[in-house]
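Descriptive structure summary
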Amino acid sequence: MNDEVEFKAGFVSIIGCPNVGKSTLLNKAIGQKVAIVSDKPQTTRSNIRGVLSEDGFQIIFIDTPGLQKPRNKLGEYMARETLQASDRVDAIVLVIDGTRPLGPRDKNVLSDLASVKTPVIVAVNKADVVDREQMAALLASLIEFDFVAHILPVSALRGTNVDVLINILKDYLKPGPQYFPDDMITDQPERVLVAEFIREKALQLLLEEVPHGIGVEIQQMKERERDGLVEIFATIYCERANHKAIIIGKHGSLLKRIGELARADIEFLLDARVYLNLWVKVQEGWRNSDSFIRELGYR
C-alpha cells in the first residue's frame with residue numbers, strides 16, 4: 001500500500017474593487033513582497049502571480065487590477081487582465097473592504113460571479129479595524145449570495161485568518177504537477193519588479209492627480225564585475241509637463257526620495273548593492289497609446 005500523499009496544485013484569482021487590499025493579501029499569503037501596495041486606485045496594472053509552495057501543495061495566486069469602468073486603453077487592458085485571471089482557475093477570492101457597507105460595485109461583482117462555475121470565497125478584509133457589530137452586519141448582507149462557498153473575515157495587513165483562507169483553498173486544489181520550483185515566489189522578471197517598486201514609491205509620495213499618469217521603464221540593468229554593484233537606469237514617464245516638475249520636486253528632492261525608498265526594496269530583492277539612476281520624461285497621452293503601453297511591459 002502506498003502511503004505517499006498525493007501532491008496538489010492550483011490557481012487562485014484574487015479580485016475585487018480598487019483599494020480593498022488584494023495586493024497586501026497576496027504578499028501576506030506567500031510571505032514576501034511581490035506586488036506593490038499603495039492607497040491610490042489602479043496601483044496594480046497587470047496580473048501578478050505569487051507562488052506559495054508547502055509540503056504536498058502549491059497555490060499560484062493571481063493578483064488582478066481593481067474592478068472599475070475603463071477610461072482609457074490602459075484601463076481596458078487592466079479590465080481584460082482581471083477577466084482572464086478569473087477564467088480557468090480553481091478558485092476565486094473576492095476581497096471586500098470590511099470598513100464600509102456592501103456597496104453597488106461589490107454587489108455588481110457578486111452578481112457577475114453568480115454565473116461562474118468556479119468556487120468563490122469572499123474575504124472581508126480589514127477585520128483588525130472593524131468592530132464586531134459592523135462586521136456582523138456586513139457578513140449578514142453577504143449571506144444572501146448563496147453561491148458563495150465561504151465568507152471569511154481577514155486582515156491582510158496583520159495576517160489574521162490568512163492561514164485559514166489558505167486551508168480553505170487547499171480543498172480546491174487538484175492532484176497534479178508542481179508548476180514552479182520550491183524557491184520561486186513569483187513569475188515576474190526582476191526588471192518588472194524593479195520598475196514596480198519604483199512606481200510604488202512614486203505613488204506613495206505624489207499628489208492625488210499625478211499617480212494615474214505615471215509609468216516606469218527600465219532602460220538598463222547590469223551587474224558590475226569588479227564589485228557586484230547593480231547599476232539600474234530607469235525613466236519615470238508622466239503625461240504633463242507640470243507633473244514632471246512635481247515628480248522631480250524642489251531641487252530634485254522628491255525624485256531623490258523616490259529613489260532612496262525604491263533602492264531599499266530593490267536591494268532586498270536582488271540581495272546586492274544598487275546604484276539607481278532615475279529620469280523623468282513627459283509622454284503625453286501614453287495611457288491611450290497601444291504601442292507605448294506595450295513598451296512599458298503591459299502586454
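What counts, and at which threshold
Each chain carries its own residue numbering, running from 1 in the direction its sequence is written. For this predicted model, a pLDDT threshold of at least 70 governs which residues receive local features, and a threshold of 80 or more governs which side-chain atom pairs are given and counted, while totals over whole chains, interfaces and linings are taken from all residues. Remark: hydrogens and water are excluded; side-chain values derive from all non-hydrogen atoms of the structure. What counts as a helix is a DSSP run of H or I of at least four residues, what counts as a strand is a run of E of at least two, and both are numbered from the N terminus. Burial classes: relative accessible area under 20% of the type maximum marks a residue as buried, over 50% as exposed, and values in between as partly exposed (1.4 Å probe, protein chains only). Each salt bridge in this description consists of a side-chain nitrogen of Lys or Arg and a carboxyl oxygen of Asp or Glu lying within 4 Å of one another. Axis lines are fitted to C-alpha atoms, over the contacting stretch for helices. Their N-to-C directions set the angle, which ranges from 0 to 180 degrees. These descriptions rest on fixed angle ranges, namely under 35 degrees for roughly parallel, over 145 for roughly antiparallel, 65 to 115 for roughly perpendicular, and the rest for oblique. If you view the pair so one helix is near and one far, a crossing is left-handed when the near helix is turned anticlockwise from the far one by less than a right angle, and right-handed when it is turned clockwise. What makes two residues a contact is simply this: any of their non-hydrogen atoms within 4.5 Å. What makes two strands pair is DSSP finding at least two bridges between them. When the strands point away from the viewer, a crossover counts as right-handed if the path from the first strand over the helix to the second runs clockwise.

1. A short note on the environment of phenylalanine 197
Among the secondary structure elements, phenylalanine 197 is positioned in helix α6 (residues 190-205). A residue is classified by how much of its surface remains accessible, and phenylalanine 197, at 3% relative accessible area, is buried. For the pair formed by phenylalanine 197 and valine 34, sequence separation is 163 residues and the distance between their alpha carbons is 9.3 Å.

2. Things to note about the pattern of salt bridges
Close approach of charged atoms allows side chains with opposite charge to pair. Counted according to the given criterion, the structure contains 11 salt bridges. Linking glutamate 196 and arginine 199 is a salt bridge whose minimum nitrogen-to-oxygen distance equals 3.0 Å. Note that glutamate 196 and arginine 199 are positioned in helix α6 at a spacing of 3 residues, about one turn of the helix. With respect to burial, glutamate 196 and arginine 199 carry one shared label: buried. Here glutamate 200 makes a salt bridge to lysine 201, at a shortest N to O gap of 3.1 Å. Each of Arg224, Asp227, Glu231 and Arg273 takes part in salt bridges that share partners, so that together they form one network.

3. Focus: unusual backbone geometry
Backbone geometry places asparagine 161, a non-glycine residue, at a positive phi of 65°. As for its placement among the helices and strands, asparagine 161 is situated in the loop between β6 (150-153) and α5 (162-170). Residue class for asparagine 161 comes out partly exposed when judged on its relative accessible area of 26%. Positive phi is not limited to glycine here, since aspartate 271 has a value of about 55°. In this structure, aspartate 271 sits in the loop between α8 (253-270) and β10 (274-282).

4. Details of the packing of α6 against α8
Contact geometry for α6 and α8: axes closest at 9 Å, N-to-C directions at 140°. It follows that α6 is oblique to α8 by the angle criterion. At the point where α6 passes α8, the crossing takes the right-handed sense. In this structure, α6 uses Glu190, Leu193, Val194, Phe197, Ile198, Glu200, Lys201, Ala202 and Leu205 to contact α8, whose residues at the interface are Leu254, Arg257, Ile258, Leu261, Ala262, Asp265, Ile266, Leu269 and Leu270.

5. Topic: the sheet that holds strand β9 (residues 230-238)
An order of β8-β9-β10 is seen for the 3 strands of this open sheet, with the pairing classed as mixed. Strand pairing shows two members of the sheet lacking a second neighbour, β8 (215-223) and β10, which therefore form its edges. Direction aside, neighbouring strands of the sheet carry axes that sit 15° apart on average. For β9 and β10, the ladder comprises 9 bridges, and the chain directions are parallel. Bridge pairing links phenylalanine 233 to asparagine 277 in β10. The strands touched by α6 are β8, β9 and β10; relative to β8, the strand with the most contacts, the crossing angle is about 130°.

6. Observations concerning the pairing of strand β5 (residues 120-125)
Most of β5 is tucked away, with 6 of its 6 residues classed as buried. Here β5 shows two buried faces, one formed by Val120, Val122 and Val124 and the other by Ile121, Ala123 and Asn125. As paired elements, strand β4 (residues 91-97) and β5 share 6 bridges and run parallel to each other. For aspartate 97, the partnering residue across the bridge sits in β5 and is asparagine 125. Regarding the hand of the β-α-β motif, the stretch spanning β4, helix α3 (residues 104-113) and β5 is right-handed. Each parallel crossover has a hand, and for β5 linked through helix α4 (residues 132-142) to β6 it is right-handed.

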